[in-house]
Amino acid sequence: MTELRKIGVVGAGQMGNGIAHVCALSGYNVAINDIADESLKKADATIRKNMARQVSREVISQEEMDTAMGRITFSTSMSSLSDVDLAIEAATEKEAIKVQIFESLVQAVPKTAWLASNTSSISITRLASTTDRPERFIGLHFMNPVPVMQLIEVIRGLATDQETYEMALGFAERLHKTVANAEDFPAFIVNRVLMPMINEAVYTLYEGVGTVEGIDTAMKLGANHPMGPLQLADFIGLDTCLSIMQVLHDGLADTKYRPCPLLVKYVEAGWLGRKTGRGFYDYRGDEPIPTR
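Calculation notes
- Residues numbered from 1 in each chain as written.
- Predicted model: local features only at pLDDT ≥ 70, side-chain atom pairs only at ≥ 80, totals over all residues.
- Heavy atoms only, no water.
- Helix = DSSP H or I, 4+ residues; strand = E, 2+ residues; numbered from the N terminus.
- Rg over C-alpha atoms; globule rule 2.2 N^0.38 Å.
- Buried < 20%, exposed > 50% of the residue type's maximum accessible area, 1.4 Å probe, protein only.
- Contact = heavy atoms within 4.5 Å.
- Areas by Shrake-Rupley, 256 points an atom, 1.4 Å probe, with all protein chains shown as cover.
- Lys, Arg positive; Asp, Glu negative; His and termini not counted.
- Charge placed at Lys NZ, Arg CZ, Asp CG, Glu CD.
- Right-handed = clockwise from strand over helix to strand, strands pointing away.
- Pairing = 2+ DSSP bridges.
- Core = buried A, V, L, I, M, F, W, Y, C linked by side-chain atoms within 4.5 Å.
- Salt bridge = Lys/Arg side-chain N within 4 Å of Asp/Glu carboxyl O.
- Axes fitted to C-alpha atoms, helices over the stretch in contact; angles between N-to-C directions.

Next up on the list: the overall build of the protein. Check the secondary structure of the protein and you find 11 helices and 10 strands. Against the globule reference of 19 Å for 292 residues, the protein gives a C-alpha radius of gyration of 19 Å, in line with a compact fold. Principal axes of the C-alpha set define a box for the protein whose edges measure 55 × 45 × 30 Å. Taken across its 292 residues, the protein has 49% of its residues classed as buried. Residue pairs in contact within the protein that sit at least 24 positions apart in sequence constitute 66% of those at least 6 positions apart. When the accessible surface of the protein is totalled, it reaches about 13700 Å², and 52% of it is carbon and sulfur. For the protein, the distance from the average position of its 28 positive side-chain charges to the average position of its 36 negative side-chain charges is 3 Å.

Of the two faces of strand S5 (residues 114-117), the one holding Trp-114 and Ala-116 and the one holding Leu-115 and Ser-117 are both buried throughout. As for the winding sense of the linkage, the β-α-β connection from strand S4 (residues 86-89) through helix H4 (residues 95-108) to S5 is right-handed. In terms of strand pairing, S5 meets strand S6 (residues 137-142) through three bridges, oriented parallel. Across the sheet, residue Ser-117 finds its bridge partner in S6, namely Gly-139.

Moving on, we come to the nonpolar core. Nonpolar side chains in soluble globular proteins generally cluster together in the buried interior. Of all hydrophobic cores here, the largest spans 40 residues; its most connected members are Ile-7, Val-30, Leu-86, Leu-140, Phe-142 and Phe-171. Looking at this core element by element, the count peaks at six residues for helix H1 (residues 14-25). If we skip the residues at most four places from it in the chain, Leu-86 touches Leu-4, Lys-6, Ile-7, Gly-8, Trp-114, Leu-115, Ala-116, Leu-140, Met-167 and Phe-171. Counting residues in each nonpolar core, the second largest holds 27 residues, with Ala-187, Val-212, Ile-215 and Tyr-281 among its members.

We now examine the pattern of salt bridges. If you walk through the whole model with that rule in mind, you get 12 salt bridges. Glu-93 is the salt-bridge partner of Lys-98, the closest N and O atoms lying 3.6 Å from each other. Judged on exposure class, the residue Lys-98 and its partner Glu-93 are both buried. One salt bridge in this structure joins Asp-239 and Lys-275, with 2.9 Å as the shortest N-O distance.

Relative to the elements of secondary structure, Ser-117 occurs in strand S5. Residue Ser-117 is classed as buried on the basis of its relative accessible area of 0%. Excluding residues within four positions of it along the chain, Ser-117 makes contact with Glu-89, Lys-98, Phe-102, Ile-124, Leu-127, Phe-137, Ile-138, Gly-139, Leu-140 and His-141.

A sheet is described by the order of its strands in space; here eight strands give the open sequence S3-S2-S1-S4-S5-S6-S7-S8, paired in mixed fashion. Looking at the sheet topology across the chains shown, the edges are occupied by strand S3 (72-75) and strand S8 (178-182). Sheet twist, expressed as the average angle between the axes of neighbouring strands with direction ignored, equals 25°. In the sheet, strand S2 (residues 29-33) pairs with S3 via four bridges, with the strands oriented parallel. When the sheet's bridge partners are listed, Ala-31 is paired in S3 with Thr-73.

The quantities given are spatial measurements derived from coordinates; they are silent on function.
So, in structure tokens, the structure goes:
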């Protein structure tokens, strides 16, 4: 089996920069690609800030941080991925965008390179079928925030071969992550369970059963969740939550997965959570304030 030396990450958002962060600390050379130079600059700053926090907490040393940052390159050109052994797509949760990325990736990376998607809900089999190497394609669903969360869901498509699966297991082990094997069904394991809970919390708000604070407090203190479902939705991104619910609704054809109209309304307003400053909470002041 080819040894992984260099990892390509397409998408410099919160998932992409988190994946690059852990890969660089684990000794891999990393090439981050994004269409926007501003996104790359933001990713660089975010990785440095998060690694500096690890240094301050004595999780890593300053020398380890400096060495890891030296392993990361940033580029808007797909040519930067010409020598990667594994390319991971970490773009927004829209199938058309992911397909477009993979159509470009297969032209840019070596014929021997493996391809992976960080999708949290979309069919790995279907994404793999749009490439020239479905047998070397796999789902690697990292959890957010990647440097903190220990899980990777590994999802084999119908054509994924054993060598690709074993590569994924070895990769996860080197990153010091725990693997959960998931079948290629809509939203896999984590989001199949988590997103309907979040959607139901939004329905609870929509129907006036509880307030934003009441719902979050009830689930934190009544179910011992570390974060309330509406606060968690803001952290994930309401657009991502909606996209996953749509995948569940379309893929499983069950009305219990119908996205709450209030969730749709928030996304239509551009109130997507922390990343836009407003979601179920308003983050523009010193303290988050419920928006409803």
